[in-house]
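Fold and geometry: a report
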Amino acid sequence: MENRRPWYTILYVQVLMAIAIGIAVGYFFPKTGTALKPLGDGFISLIKMMIAPVIFCTVVHGIASMRDLGKVGRVGLKALVYFELVSTLALAIGLGVGELIRPGAGFNIDPASLDPKAVSGYVARAKEESFVHHLLAIIPNTFVDAFAKGDLLQVLLIAVLTGFAISGMGALGEKITDAIEAIGKVLFRIIAIIVRAAPIGAFGAMAFTIGAYGIGALVNLGALILVFYATSILFVLIVLGAIARLAGFSILRFIAYIKDELLIVLGTSSSETVLPHMIQKMERLGASRSVVGLVIPVGYSFNLDGTNIYMTLATLFLAQATNTPLTFGQELIILLVAMLTSKGASGVTGAGFVTLAATLTIIPDIPIQALAILVGIDKFMSECRALTNLIGNGVATVVISRWERELDTRQLHDAMRHPVELGEALEREPLGALPASRIPAS
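Cut-off values and rules
- Residues numbered from 1 in each chain as written.
- Predicted model: local features only at pLDDT ≥ 70, side-chain atom pairs only at ≥ 80, totals over all residues.
- Heavy atoms only, no water.
- Helix = DSSP H or I, 4+ residues; strand = E, 2+ residues; numbered from the N terminus.
- Contact = heavy atoms within 4.5 Å.
- Areas by Shrake-Rupley, 256 points an atom, 1.4 Å probe, with all protein chains shown as cover.
- Expected span 1.5 Å × (residues − 1).
- Buried < 20%, exposed > 50% of the residue type's maximum accessible area, 1.4 Å probe, protein only.
- Axes fitted to C-alpha atoms, helices over the stretch in contact; angles between N-to-C directions.
- Left-handed = near helix turned anticlockwise from the far one by under 90°.
- Nonpolar A, V, L, I, M, F, W, Y, C, P; charged D, E, K, R; others polar.
- Core = buried A, V, L, I, M, F, W, Y, C linked by side-chain atoms within 4.5 Å.
- Salt bridge = Lys/Arg side-chain N within 4 Å of Asp/Glu carboxyl O.
- pLDDT = per-residue confidence, 0-100.
- Patch = residues over 30% accessible without salt bridge, like charges linked within 9 Å, V, L, I, M, F, W, Y side chains within 5 Å.
- Phe/Tyr/Trp six-rings, centres within 6.5 Å; stacked < 30°, edge-to-face > 60°.

**Brief notes about the overall build of the chain**
- Check the secondary structure of the chain and you find 23 helices and 0 strands.
- The long-range fraction of contacts in the chain, counting pairs at least 24 apart against all pairs at least 6 apart in sequence, stands at 86%.
- With the model as given, the accessible surface of the chain reaches about 18300 Å², and the carbon-plus-sulfur share is 67%.

Encoded structure:
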């Protein structure tokens with residue numbers, strides 16, 4: 001019988017302990033907590049430096065190995081349709097909850113009393129984040145520029161083009177594909193080393209959050225935070241739960257399967273820190289490598305369920321807090337505008353706040369300076385956005401793999417019954433170690 005590992009050596013336990021200690025340090029020693037910010041930033045930077053090459057190798061290997069190249073366009077189209085439907089539903093739910101519960105009612109805030117300088121930086125960034133700007137930004141200045149900036153969509157574009165090019169090179173293309181597979185194995189080994197520092201990163205990030213913003217921010221705007229978290233939880237359990245059930249798996253088992261990643265996101269407030277891990281875990285779950293390589297990176301920019309709920313809910317909150325009346329027609333405009341501005345926000349911390357600013361710049365009825373109300377709590381809201389986004393992208397990957405009849409259902413249920421710790425999974429099953437054949441979903 002295999003000996004059980006001591007509980008304190010399990011990664012998710014270490015992350016949980018680190019988060020708890022970070023909260024305590026930030027609360028009792030706020031200056032020390034604020035000074036620990038580099039620990040969180042350092043861990044995020046270590047992971048982010050691996051994201052571009054991992055996505056490139058995963059996508060190129062997946063496409064170059066395909067015999068049916070039309071599948072790339074088919075998978076991409078299915079993914080975008082799914083993203084749009086679920087994202088619009090999330091926006092509508094945020095709007096409906098905001099109108100039903102009215103968390104901003106009674107604040108009676110005079111916009112003239114707010115400091116516009118507190119949000120000037122976000123507004124300036126928001127004005128640059130137009131839909132056309134996002135489309136043009138997909139094209140990098142040079143081939144290597146995409147890797148230098150780490151832009152997910154730019155890397156994905158280059159990877160798709162490279163994969164198509166290699167697939168038509170015959171025997172030479174097969175050799176290049178094997179070389180890329182080998183490089184991918186090295187990259188995942190590096191990530192397996194970096195991820196061991198997750199408790200340190202989570203400790204530093206959480207200590208900074210509590211030390212810099214304080215528990216008081218949670219109390220002052222507790223109603224909005226509570227409503228947003230409750231809405232996101234219900235969205236995951238009911239909406240994503242129903243989608244998961246139709247795809248043949250339990251959302252609760254899925255959440256338990258990615259618990260390590262969720263805890264790291266909770267500690268760092270960024271879903272990008274676990275992007276390479278999600279690619280690996282979705283493959284281990286039985287989803288085909290080609291689908292995973294396309295859906296996960298694209299989903300990080302186009303399938304942001306948590307961000308969408310936050311955008312419409314926060315917009316109504318600010319309107320209610322500043323006593324700005326909105327007609328049903330204006331609320332529909334908010335929904336339509338949010339459908340555009342929500343596209344292209346990445347998994348980086350604070351992107352949801354910039355997207356909210358972009359929405360308000362297009363809707364002049366709500367004073368833009370009202371964003372200052374939310375500056376102090378955005379870090380806490382960012383955690384919930386990132387967690388919801390991560391779960392939504394994972395569910396989307398499994399669903400689209402099933403649509404493509406490339407989901408190994410036996411492997412899916414077996415992996416959920418016997419989840420492997422994050423670091424162990426990366427070490428055991430690097431890129432290319434998974435079965436090439438998939439059992440079609442029933």
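The discussion continues.
**Side note on helix α1 (residues 11-28)**
- Taking 1.5 Å of rise per residue, 18 residues should cover 26 Å, and α1 covers 26 Å from first to last C-alpha, within 8% of that figure.
- When we look at burial in α1, the residues that qualify are L11, V13, V15, A18, I19, G22, V25 and G26.

**Overview of the packing of helix α15 (residues 275-284) against helix α16 (residues 289-302)**
- Between α15 and α16, whose axes approach to 10 Å, the crossing angle comes to 145°. When the axes of α15 and α16 are compared, the crossing they make is right-handed. Counting all contacts with α15, which are made through L275, M278, I279, M282 and E283, the residues of α16 involved are R289, V292, I296 and Y300.
- The class makeup of the residues in the contact of α15 with α16 is 7 nonpolar, no polar and 2 charged.

**With respect to the nonpolar core**
- Within the largest apolar cluster, 121 residues are counted, with the highest numbers of intra-cluster contacts made by Y82, F254, M282 and L374.
- If we skip the residues at most four places from it in the chain, F254 touches F249, M282, L285, I391, G394, V395, V398 and M416.
- Among the nonpolar cores identified, the runner-up in size contains 5 residues, and A18, V25, L36 and A207 belong to it.

**Some remarks on the pattern of salt bridges**
- A full pass over the atoms with the stated rule returns 8 salt bridges.
- Here K48 ties to E272 by a salt bridge, and the two come within 3.8 Å at their closest N and O atoms. Note that K48 is positioned in helix α3 (residues 37-64) and E272 in the loop between α14 (259-268) and α15, a separation of 224 residues in sequence.
- Residue K48 is classed as partly exposed on the basis of its relative accessible area of 37%.
- Looking at E272, the relative accessible area reads 5%, which means it is buried.
- For K78, the salt bridge is made with E404, and the minimal N-O distance between the two is 2.7 Å. Of the two residues, K78 sits in helix α4 (residues 70-101) while E404 sits in the loop between α21 (378-403) and α22 (409-417), which places them 326 residues apart along the sequence.

**Remarks on the confidence of the model for the chain**
- Put simply, the chain has an average pLDDT of 81, and 83% of its residues get 70 or more.
- Taken together, the stretch residues 430-442 has pLDDT below 50 and engages in 38 contacts with residues farther than four places along the chain or on a different chain.

**Observations regarding a nonpolar patch on the surface**
- On the surface, I233, L234, L237, I238 and L252 cluster together into a nonpolar patch covering about 480 Å² of accessible area.
- For the nonpolar patch, the element with the highest residue contribution is helix α12 (residues 222-246), accounting for 4 residues.
- We classify L234 as partly exposed; its relative accessible area is 47%.

**Things to note about the packing of aromatic side chains**
- Taken as a whole and assessed by the stated rule, the structure comprises 9 aromatic pairs.
- When the ring of F143 is compared with that of F147, the centres are 6.1 Å apart and the planes differ by 35°; the resulting orientation is tilted.
- For F143, a relative accessible area of 47% gives the class partly exposed.
- Each member of the aromatic cluster is reached from another via a ring pair, and the members are F56, F143 and F147.

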